[in-house]
Amino acid sequence: MSELIRKKPTLTTLYLNDNGIGNQGVTYLADALCQSKANLRKLYLQNNKRITNESMSLLIAMFEKNQSLTTFWLTSCNITEDGRQRLQKETSSNNNFIF
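Summarised in this report is the structure supplied together with it. (Residues numbered from 1 in each chain as written. Predicted model: local features only at pLDDT ≥ 70, side-chain atom pairs only at ≥ 80, totals over all residues. Heavy atoms only, no water.)

Side note on the side chain of Thr 91
Going by this rule: Starting at the N terminus, helices and strands are each numbered in turn, a helix being any DSSP run of H or I of at least four residues and a strand any DSSP run of E of at least two. Accessible area is worked out with a 1.4 Å probe on protein chains only. A residue is then buried under 20% of its type maximum, exposed over 50%, and partly exposed in between. Under the rule applied, a polar contact is a pair of N or O atoms within 3.5 Å (in protein, one hydrogen donor and one hydrogen acceptor; residues adjacent in sequence only if both atoms are side-chain atoms). We call two residues in contact when some of their heavy atoms are within 4.5 Å.
Structurally, Thr 91 can be placed in the loop between helix 4 (81–90) and strand 4 (97–98). Looking at Thr 91, the relative accessible area reads 6%, which means it is buried. Of note is the side chain of Thr 91, whose polar atom sits 2.7 Å from the backbone oxygen of Leu 87. Setting aside anything within four residues of it in sequence, one finds Thr 91 in contact with Phe 63, Phe 97 and Phe 99.

Here is the structure:
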């Protein structure tokens, strides 16, 4: 999937809900979105229980480096309340980021 993001700048929406993606998958996605000139605007990762607080630093770095992402949903994952609050604090200017 990360190769697709890198090679397809026309990809603007990616639904990866209920796909069993974990922290390693988040690593690949974050790397692709930080390294490429991706135009991905919407990323949905709901219901991936293997995504945990381990991914917080990667996600925050991704939000800082990738300016095209306007909608991001990460509900019903295995993120603690502290993790959600950290993400909300770091992305407070974007109302379409739902944790």
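Looking at the packing of helix 3 (residues 56–65) against helix 4
Each pair of packed helices gets described by two things: the angle between the helix axes and the distance between those axes. Quick note on the threshold: Here an angle of 0 to 180 degrees is reported between the N-to-C directions of two axes, which are lines fitted to C-alpha atoms, with helices fitted over the stretch in contact. Angles are sorted into four bins: roughly parallel if under 35 degrees, roughly antiparallel if over 145, roughly perpendicular if 65 to 115, and oblique for all others. Put simply, a crossing is left-handed when the front helix is turned counterclockwise from the back one by less than a right angle, and right-handed when it is turned clockwise. The residue classification treats Ala, Val, Leu, Ile, Met, Phe, Trp, Tyr, Cys and Pro as nonpolar and Asp, Glu, Lys and Arg as charged. All others, Gly included, are polar.
Between helix 3 and helix 4, whose axes approach to 10 Å, the crossing angle comes to 15 degrees. Classified by the angle between their axes, helix 3 and helix 4 sit roughly parallel to one another. The crossing of helix 3 and helix 4 is right-handed. Listed contacts from helix 4 to Met 56, Ser 57, Leu 59, Ile 60, Phe 63 and Glu 64 of helix 3 are Gly 83, Arg 86, Leu 87 and Glu 90. In terms of residue class, the contact of helix 3 with helix 4 is built from 5 nonpolar, 2 polar and 3 charged.

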